[in-house]
Amino acid sequence: MRGRMRPYLPELTIRDYNTYQWYLRGVRRQLYTTYGFYPCYYGLRYNGVLFALLADSLAGRPATCKRMRVPGTLLWRNMMCQTQGIRLAAQVEVLLSWHRIQDAQWADLPAGKKVRRVVDTVLLRRAYKKAAAENPALERIFVQERDQANVQMALNAKNYLLAAEPKGNLYGALYSVLATDDPNQRKSMHYIGSCIGRAAYLLDKAESFSRDKDKKRYNIFLVNGIDDRNAARENARRQALAIANDLVRAYGMLDVKLNRTLLDNIMLLGLRHGFADGAAHQFDILDLARVDPLNGLRHDRRHLHLPFGGLLADSHHDVRRAQVDGNGIILSFHGIILLFLANHL
């Protein structure tokens, strides 16, 4: 699952946007201060911001916003300070990044990506060992999921639910860790994570359909007689939308004490639109705010993963043409605004 679970920007309020950005910078700074410079910029490819928001909001822990220096830049920005949710999110990001590197098929990588994998392995090893030592229970979850996935591949399981079970169990365990000690809340969070994991598995398999077919590797759609990539994507999209409906019902039973409107935007609108977009960019929400009038669609991941970032630019690079920040609102089309005002004066 390569994309991030983001808010759906067209329906996001300015206040919630600022809260999301503050948490984003807070998780990145936690990665920087705890695990070093490289994990800070390699990480945040997954759902760390959502993990931090859920953990703090369900427990009712209000985070303190302070103005601090953005790692790798000379700029100071508002960001959330260290909370239990932010620390847990940083651990999850490091572990997810490490296991994603290890799960990549070496034979499928071109020469350039093989070099990149070796570099990532060397530079992330220390951060991974530290995160695994801090939270060994999380590390055991990843190991168990990998073992279960290998068993399912050996069995060539045709049942979609059975094939997606390992990743569903992984995300179910991850999301249940974010809940409080309330057993009902833990149960709901486990079900939510399980739904996200199952949908992610199906979308991932639809994305890798052609590669698995060429390499004659196990793919849940191939063993079910689907021989076309577009048909596999459509099948995955339909099942993911059905899973999203179940997720929404479970999410509605949660007692969210803080940031309710922001979490509603991510869990209801963001997930639904992410599933509807299909397997191309899982949970990487496509919306009108991403359309650059001069350059077309911007690819945010290309801007996010610069090796060292810009010294005089904010490191998250998530601002759109309609940029909202704590210090004001910046719009690109000043001329259109002035023309609109002139016609109404």
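Cut-offs and rules
Residues numbered from 1 in each chain as written. Predicted model: local features only at pLDDT ≥ 70, side-chain atom pairs only at ≥ 80, totals over all residues. Heavy atoms only, no water. Helix = DSSP H or I, 4+ residues; strand = E, 2+ residues; numbered from the N terminus. Contact = heavy atoms within 4.5 Å. Areas by Shrake-Rupley, 256 points an atom, 1.4 Å probe, with all protein chains shown as cover. Phe/Tyr/Trp six-rings, centres within 6.5 Å; stacked < 30°, edge-to-face > 60°. Buried < 20%, exposed > 50% of the residue type's maximum accessible area, 1.4 Å probe, protein only. Lys, Arg positive; Asp, Glu negative; His and termini not counted. Salt bridge = Lys/Arg side-chain N within 4 Å of Asp/Glu carboxyl O. Core = buried A, V, L, I, M, F, W, Y, C linked by side-chain atoms within 4.5 Å. Axes fitted to C-alpha atoms, helices over the stretch in contact; angles between N-to-C directions. Parallel < 35°, antiparallel > 145°, perpendicular 65-115°, else oblique. Nonpolar A, V, L, I, M, F, W, Y, C, P; charged D, E, K, R; others polar. Pairing = 2+ DSSP bridges. Patch = residues over 30% accessible without salt bridge, like charges linked within 9 Å, V, L, I, M, F, W, Y side chains within 5 Å. pLDDT = per-residue confidence, 0-100.

## What to know about the overall build of the protein
Summing up its helical and strand segments, the protein has 15 helices and six strands in all. The contacts of the protein with a sequence gap of at least 6 include a subset with a gap of at least 24, amounting to 70%. On the protein, roughly 16,700 Å² of surface is accessible, and the fraction owed to carbon and sulfur atoms is 57%.

## Digging into the packing of aromatic side chains
By the definition in use, this model includes four aromatic pairs. Judged by centre distance (6.4 Å) and plane angle (80 degrees), the ring pair of tyrosine 32 and phenylalanine 37 falls under edge-to-face. Aromatic side chains tyrosine 160 and phenylalanine 221 sit 5.8 Å apart centroid to centroid with 50 degrees between the ring planes, which places their arrangement in the tilted category. Of the two residues, tyrosine 160 is situated in helix α7 (residues 160-163) and phenylalanine 221 in helix α11 (residues 220-223); the sequence distance between them amounts to 61 residues. Per residue, the accessibility class of tyrosine 160 equals that of phenylalanine 221, and both read buried.

## A short note on the side chain of glutamate 145
Note that glutamate 145 resides in helix α6 (residues 136-155). At 5.6 Å, lysine 167 is the nearest oppositely charged side chain to glutamate 145, a buried residue that forms no salt bridge. Residue contacts for glutamate 145: discarding those within four places in its chain leaves Pro166, Lys167 and Leu170.

## Focus: the nonpolar core
Core analysis: the largest hydrophobic core is formed by 82 residues, its most contacted members being Tyr175, Met189, Ile192, Phe221 and Met267. When residues of this core are assigned to their parent elements, the largest contribution, ten residues, is made by helix α4 (residues 84-103).

## A look at the packing of helix α1 (residues 14-35) against helix α3 (residues 48-59)
The packing of two helices is summarised by the inter-axis angle and the distance between the axes. One way to put it is that α1 packs onto α3 with a least axis distance of 9 Å and a crossing angle of 110 degrees. By the angle between their axes, α1 is roughly perpendicular relative to α3. Only Gly48, Val49, Ala52, Leu53 and Asp56 of α3 make contact with α1, whose side of the interface consists of Tyr20, Tyr23, Leu24 and Val27. Residues of the contact of α1 with α3, tallied by class, amount to seven nonpolar, one polar and one charged.

## Quick word on the pairing of strand β2 (residues 76-80)
In this structure, strand β1 (residues 65-69) lies alongside β2, joined through five bridges in antiparallel fashion. The partner of cysteine 65 across the bridge, within β2, is methionine 80. Joining the antiparallel neighbours β1 and β2 is a turn of six residues, in which glycine 72 adopts a positive phi near 85 degrees.

## What to know about the pattern of salt bridges
Tallied over the full model, the rule gives eleven salt bridges. The salt bridge involving aspartate 56 is made with arginine 61; its shortest N-O contact spans 3.3 Å. Overall, arginine 61 belongs to the partly exposed group, its relative accessible area being 28%. Through salt bridges with shared partners, one network takes in Glu207, Arg229 and Arg233.

## Quick notes on a nonpolar patch on the surface
Taken together, the side chains of Trp106, Val115, Val118, Val119, Val122 and Leu123 define a hydrophobic patch exposed on the protein surface, amounting to about 540 Å² of accessible area. Mapped onto the fold, valine 118 is located in helix α5 (residues 111-134).

## Brief notes about the environment of leucine 247
Summarising the element assignment, leucine 247 is placed in helix α12 (residues 229-251). Given the relative accessible area of 1%, leucine 247 is considered buried. Along the primary structure leucine 247 and isoleucine 196 are separated by 51 residues, whereas in three dimensions their C-alpha atoms are 7.9 Å apart. Those residues within four positions of leucine 247 in sequence are excluded, and the remaining contacts are Ile192, Cys195, Ile196, Met267 and Leu271.

## Focus: the confidence of the model for the protein
Per-residue confidence for the protein gives a mean pLDDT of 80, with 78% of residues at or over 70. This stretch, residues 279-333, has a pLDDT under 50; its non-local contacts, to residues over four places away or in other chains, come to 124 contacts.

## Some points on unusual backbone geometry
You will see that lysine 216, though not glycine, has its phi angle at about 55 degrees, which is positive. Along the chain, lysine 216 falls in the loop between α10 (209-215) and α11. Even without being a glycine, asparagine 259 presents a positive backbone phi close to 55 degrees. When its relative accessible area of 25% is taken as the criterion, asparagine 259 is described as partly exposed.

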